[in-house]
Amino acid sequence: MSSPLDGLDPILNQPKRLAAIAMVAASTSCDFPFLRDQLELSDSDLSRHMTALSQAGYVTIRKSGGGRGSTTTYAITKTGRAAYGRHRDTLTAFLGAHDPGTSSP
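Computed from a predicted model, the values in this text were never measured in an experiment.

### Some words on the sheet that holds strand 1 (residues 30-31)
Hydrogen bonds between backbone groups are what pair the strands of a sheet, and the pairing can be parallel or antiparallel.
(1) Moving on: Spatially, 1-3-2 is the arrangement adopted by the three strands of the open sheet, whose pairing is antiparallel. Each edge of the open sheet is held by one strand with a lone partner, namely strand 1 and strand 2 (59-64).
(2) Moving on: Here six bridges tie strand 2 to strand 3 (residues 71-76), and the two strands are oriented antiparallel to one another. Of the residues in strand 3, the one forming a bridge with Thr60 is Ala75.
(3) Moving on: Sitting on the sheet, helix 1 (residues 15-25) touches strand 1, strand 2 and strand 3, and the angle it makes with strand 3 is about 85°.

### What about the nonpolar core?
(1) Moving on: Core analysis: the biggest nonpolar cluster contains 18 residues, and Leu12, Ile21, Val24, Leu35, Met50 and Leu53 have the highest contact counts within it.
(2) Moving on: Going through the elements one at a time, helix 1, helix 2 (32-39), helix 3 (43-55), strand 3 and helix 4 (78-97) are the ones with two or more residues in this core.
(3) Moving on: Among the elements that make up this core, the one with the highest residue count is helix 1 (four residues).
(4) Moving on: Not counting chain neighbours up to four residues away, the residues in contact with Met50 comprise Ala20, Val24, Leu35, Val59, Ile61 and Tyr74.

### So, the pattern of salt bridges
(1) Moving on: All chains considered together, the criterion is met by five salt bridges.
(2) Moving on: The partner of Lys16 in a salt bridge is Asp45, and the shortest N-O contact between them spans 2.8 Å. Taken together, the residues span a long stretch of sequence, with Lys16 in helix 1 and Asp45 in helix 3 at a distance of 29 residues.
(3) Moving on: Overall, Asp45 belongs to the buried group, its relative accessible area being 10%.
(4) Moving on: One salt bridge in this structure joins Arg48 and Asp45, with 2.5 Å as the shortest N-O distance. One end of the pair, Arg48, and the other, Asp45, are both in helix 3, three residues apart, so they sit about a helical turn from each other.

### Some remarks on unusual backbone geometry
(1) Moving on: Here Glu40, not a glycine, exhibits a phi torsion of approximately 55°, which is positive.
(2) Moving on: Tracing the backbone through its elements, the reader meets Glu40 in the loop between helix 2 and helix 3.
(3) Moving on: Residue Glu40 is classed as exposed on the basis of its relative accessible area, which comes to 72%.

### Considering the environment of Phe32
(1) Moving on: Relative to the helices and strands, Phe32 is located in helix 2.
(2) Moving on: In the structure, Phe32 is positioned 40 residues away from Thr72 in sequence and 5.6 Å away in space, judged by C-alpha atoms.
(3) Moving on: Among all residues touching Phe32, those that are not within four sequence positions of it are Asp43, Leu46, Ser47, Thr72 and Tyr74.

### Brief notes about helix 3
(1) Moving on: Relative to the 18 Å expected for 13 residues at 1.5 Å per residue, helix 3 spans 18 Å between its end C-alpha atoms, a close match to the ideal helical length.
(2) Moving on: Within helix 3 the residues assigned to the buried category are Asp45, Leu46, His49, Met50, Ala52 and Leu53. Buried residues of helix 3 fall within an arc of 155° about the axis and therefore sit on the same side. Exposed side of helix 3, more than 90 degrees from the buried face: Ser44 and Gln55 are the residues found there.
(3) Moving on: One or two positions beyond helix 3, positive phi appears at Gly57, with a value near 85°.

About the thresholds
- Residues numbered from 1 in each chain as written.
- Predicted model: local features only at pLDDT ≥ 70, side-chain atom pairs only at ≥ 80, totals over all residues.
- Heavy atoms only, no water.
- Pairing = 2+ DSSP bridges.
- Helix = DSSP H or I, 4+ residues; strand = E, 2+ residues; numbered from the N terminus.
- Contact = heavy atoms within 4.5 Å.
- Axes fitted to C-alpha atoms, helices over the stretch in contact; angles between N-to-C directions.
- Core = buried A, V, L, I, M, F, W, Y, C linked by side-chain atoms within 4.5 Å.
- Buried < 20%, exposed > 50% of the residue type's maximum accessible area, 1.4 Å probe, protein only.
- Salt bridge = Lys/Arg side-chain N within 4 Å of Asp/Glu carboxyl O.
- Expected span 1.5 Å × (residues − 1).
- Arc of directions from axis to C-beta.

Remember that the coordinates give geometry; whether it matters functionally is a separate question.
Here it is in structure tokens:
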């Protein structure tokens, strides 16, 4: 038997990861300071979540330079874009079907 929540991705169920991939999906690439500041995360927290997304094959990580001048940028992969789309569509459909403003008494 299938559930209306079957399309949710366990990697993206974590709110910080979902927010991060949403931001990366909305641009060509995002750099570490931008994501950290927009999501209001510590360096270690953001690094941990982006590593999980990378290990799942959802984002690529590119490092350039060295030392204090180094830059880390992230880009979404085709796999990541598909997973994010399914996750978002599942949430949208589920929440829309259970919106108290649109359901009958």
